[in-house]
Amino acid sequence: MLKKSSFRKQLENLIHQPENHTYLLAVSGGADSMVLASLFQDLRDKKKDSKPLFQVAHINYKLRGEDSDKDQKVIQHFCEKNHIRFHLYEVSEKDKKPENSIQLWARELRYTFFKEVQEKEKLEFLVTAHHLNDQLETFIINLSKAAGINGLSGIPANDNYILRPLLPFSKQEIYQFAEENNIEFREDLSNKKSDYLRNKIRNEIVPKLQETNDHFLENFKKSSSYLNQTKDFVQKQIQEIENKLTLFNQDHKILSKEKLDQESNFVKFEILKKYGFNQEEEIPKIFKAENNSSFFSKEYQLIVNRDELIFIDTKKETENKDEILLIDRFDFSENQMSINLQHSIENIDEINKIIEWDFDAEKLHFPLRLRKQQDGDEFYPTGFSGKKKVSKFFRDEKLSILARQKIWILSDSKNSVLGIIPFRQDRRYAKDEKTERILKIFNETKNEI
């Protein structure tokens, strides 16, 4: 039964000492969200200090004319009466409401707004008023989509700083609480229409299911709890398997391709899904792919490197520097200057070589930079006759994609390639018998006396 005490207990199950945190409540004006606001108001009243506990956010989609405005006024009145900070977003033509997929558009719009308010007001948690009936509807929707255990487990109560403390309570319990505590709310009559899948399930399917068993909803609540426990157990086992398959886990994750291929299709899918590769038909292609093949998800690049699967976080990679200023100018009053690259570039086992290059400083165009490979790069490598494309040099050296991405090109102000670190320098700029001023570039630790 939903009571102030049972609500507080549920909130404490989700977060330790809830009164010590701050919240943004998503309030639509319906019974569930107005009850949620009232329950948080009661928590605020019992706080020992006067620091604000929560604020309220509402979106007026302007979809139901005068009814939408009345929803807004109910919430505003509640906030004004209780001295609660109220944030409003009114949808206008600039929001480009689509003809189709209204629900998806509305969801993206509100969560974007909520996130902006949270960041601006420094509020830790977003709280929504999802309840047990919502959980059942979601279960049926996911069941119809052949969802796995994660989908059938339903809406999480605590998910990435989004709290849903009303999930254990039914819609009927919420209505009863609203009536007993004289909580004003607005009924969204559009929910009575079965034009959306969720509404059809709510209005036609769920009532039929409840007719089969007087305790249907309560039994579903228990089943949902069992499913969540099963999901947690499975995820723990999957993580243990992944840990055993992990060969490297620092700048990027490397898994044993051979050992993962020996696992069941379920384990393969669950592990690869964590990196965004969640299309079942894609998984066999990964294990049959040729060496140096790449696959891309939204956040990761997967490289097949012989018996390894290398996962590169593309967001982190783009945040890393793609150019390093090495030397701004050469002091021509000196005969020699030296630059140690040891702390400027990353060591990779595959290309961990010692270099010591001497350049004729008067042939160089400063400043000099380290950069990544660019289309059309070519140079005249020492030990070779003629010039060579950098891309062909990489192929001839049989370098993996990962190694190629980590290699630095030494270039001048004209973007000419002076060398590929740590393989070859360009012989056109190398020291010769006529050189008077030398720029020495090396990557070896020098012992100091």
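Bear in mind that the values here come from a model prediction, so they are computed numbers and not experimental data.

Participant: Quick one: what's the story with the sheet that holds strand 14 (residues 356-360), residue by residue and with numbers?
Facilitator: Pairing within the open sheet is mixed, and its 3 strands lie in the order 13-21-14. Edge positions in the sheet fall to strand 13 (336-340) and strand 14, since each of these pairs with one other strand and no more. The mean angle between the axes of side-by-side strands here comes to 20°, regardless of whether they run parallel or antiparallel. Two elements, strand 13 and strand 21 (residues 438-442), share 5 bridges in a ladder whose sense is parallel. By the bridge assignment for strand 21, Gln336 is matched with Ile438.

Participant: How would you explain the packing of aromatic side chains if you had to name every residue and give the values?
Facilitator: All told, the structure shown has 20 aromatic pairs when counted by the stated rule. Note on Tyr61 and Trp105: the rings are 6.2 Å apart at their centroids and 55° apart in plane angle, and the pair reads as tilted. Placement of Tyr61 in the loop between strand 2 (54-60) and helix 3 (66-82) and of Trp105 in helix 4 (residues 102-121) is noted, with a sequence separation of 44 residues between them. By the burial criterion, Tyr61 is buried, and Trp105 matches it. In this structure, Lys268 packs its charged tip against the face of Phe287, placed 4.9 Å from the ring centre.

Participant: Please set out the packing of helix 5 (residues 132-144) against helix 8 (residues 197-211) residue by residue, giving values where relevant.
Facilitator: Contact pair helix 5 / helix 8: the axes reach a minimum separation of 10 Å and the direction vectors enclose 100°. In terms of axis orientation, helix 5 runs roughly perpendicular to helix 8. On the side of helix 5, the interface is formed by Asp134, Leu136, Glu137, Thr138, Ile140 and Ile141, while helix 8 contributes Leu197, Arg198, Ile201, Arg202, Ile205, Val206 and Leu209. Among the residues forming the contact of helix 5 with helix 8, the class breakdown is 8 nonpolar, 1 polar and 4 charged.

Participant: Describe the sheet that holds strand 8 (residues 253-256), and please don't skip the residues or the numbers.
Facilitator: Either a parallel or an antiparallel arrangement is found when strands of a sheet pair, and the pairing is made through backbone hydrogen bonds. The 5 strands lie next to each other as 7-8-11-10-9, forming an open sheet whose pairing is antiparallel. Only two strands of the sheet have a single partner each, and these edge strands are strand 7 (246-249) and strand 9 (294-296). Strand-to-strand, the axes of this sheet are offset by a mean angle of 15°, without reference to chain direction.

Participant: Provide a residue-level description of the pattern of salt bridges, including the pertinent values.
Facilitator: Any two side chains of opposite charge can pair, so long as their charged atoms come close to each other. Evaluation of the coordinates by the stated rule reveals 33 salt bridges. We note a salt bridge from Glu137 to Arg198, for which the minimum N-O separation is 3.3 Å. One end of the pair, Glu137, is in helix 5; the other, Arg198, is in helix 8, and 61 residues separate them in sequence. For Arg198, a relative accessible area of 26% puts it in the partly exposed group. Connected via shared salt-bridge partners are Arg64, Asp67, Asp71, Arg186 and Asp188.

Participant: Describe the nonpolar core, with residues and values.
Facilitator: One finds Leu2, Phe7, Tyr23, Leu25, Phe40 and Leu166 to be the most contacted residues of the largest nonpolar core, which totals 34 residues. Breaking this core down by element, the ones donating at least two residues are helix 1 (4-14), strand 1 (23-26), helix 2 (31-45), strand 2, helix 3, strand 4 (125-127) and helix 7 (171-180). The element that contributes the greatest number of residues to this core is helix 2, accounting for 8 residues. With near-sequence residues (within four places) excluded, Phe40 lies in contact with Phe7, Leu11, Tyr23, Leu25, Leu53, Phe54 and Val127.

Participant: How would you summarise helix 2 if you had to cite specific residues and measurements?
Facilitator: For an α-helix, the turn length of 3.6 residues means that residues three or four places apart are oriented alike. For helix 2, which comprises 15 residues, the first-to-last C-alpha distance of 21 Å matches the rise-based estimate of 21 Å (1.5 Å per residue) to within 8%. Among the 15 residues in helix 2, 13 count as buried, and that is most of the element.

Participant: I'd like a description of the pairing of strand 8, backed by residues and values.
Facilitator: Two faces, one strand: in a regular strand the side chains alternate between the faces of the sheet. Here strand 8 shows a buried face lined by Lys253 and Leu255 and a second buried face lined by Ile254 and Ser256. Across 3 bridges, strand 7 lies against strand 8 in antiparallel orientation. Within strand 8, the residue paired with Phe248 across the bridge is Ile254. Hairpin connection between strand 7 and strand 8: a loop of 3 residues separates the two successive antiparallel strands. Of the pairings in the sheet, the one linking strand 8 to strand 11 (residues 308-313) comprises 4 bridges and is antiparallel in character. Each residue of the ladder has a partner; that of Ser256, found in strand 11, is Glu308.

Participant: Describe unusual backbone geometry, and please don't skip the residues or the numbers.
Facilitator: Looking along the chain, the bond that leaves Phe366 and enters Pro367 is cis, with omega of 5°. Its location among the elements puts Pro367 in the loop between strand 14 and strand 15 (368-371). For the bond running from Ile421 to Pro422, omega is 10°, close enough to zero to count as cis. As for its position among the elements, Pro422 is in the loop between strand 19 (417-421) and strand 20 (424-425). Unlike most non-glycine residues, Tyr161 shows phi in positive territory, near 70°. Position of Tyr161 relative to the elements: it lies in the loop between strand 5 (158-159) and strand 6 (162-163). For Lys398, which is not a glycine, the phi torsion comes out positive at approximately 55°. Checked against the element boundaries, Lys398 lands in the loop between helix 14 (390-396) and helix 15 (401-406).

Participant: Mind laying out the environment of Ser297, listing which residues take part and the relevant values?
Facilitator: Relative to the helices and strands, Ser297 resides in the loop between strand 9 and strand 10 (300-305). Exposure remark for Ser297: the relative accessible area of 15% places this residue in the buried category. Measuring from C-alpha to C-alpha, the distance between Ser297 and Tyr275 comes to 7.2 Å, with 22 residues separating the pair along the chain. Among residues more than four places away in sequence, those in contact with Ser297 are Tyr275, Gly276 and Phe277. Reaching out from Ser297, the side chain makes a polar contact with the backbone oxygen of Tyr275 at a distance of 2.7 Å.

Parameters at a glance
Residues numbered from 1 in each chain as written. Predicted model: local features only at pLDDT ≥ 70, side-chain atom pairs only at ≥ 80, totals over all residues. Heavy atoms only, no water. Pairing = 2+ DSSP bridges. Helix = DSSP H or I, 4+ residues; strand = E, 2+ residues; numbered from the N terminus. Axes fitted to C-alpha atoms, helices over the stretch in contact; angles between N-to-C directions. Phe/Tyr/Trp six-rings, centres within 6.5 Å; stacked < 30°, edge-to-face > 60°. Buried < 20%, exposed > 50% of the residue type's maximum accessible area, 1.4 Å probe, protein only. Lys NZ or Arg CZ within 6 Å of the ring centre and 35° of its normal. Parallel < 35°, antiparallel > 145°, perpendicular 65-115°, else oblique. Contact = heavy atoms within 4.5 Å. Nonpolar A, V, L, I, M, F, W, Y, C, P; charged D, E, K, R; others polar. Salt bridge = Lys/Arg side-chain N within 4 Å of Asp/Glu carboxyl O. Core = buried A, V, L, I, M, F, W, Y, C linked by side-chain atoms within 4.5 Å. Expected span 1.5 Å × (residues − 1). Polar contact = N/O pair within 3.5 Å; in protein donor to acceptor, adjacent residues only side chain to side chain.

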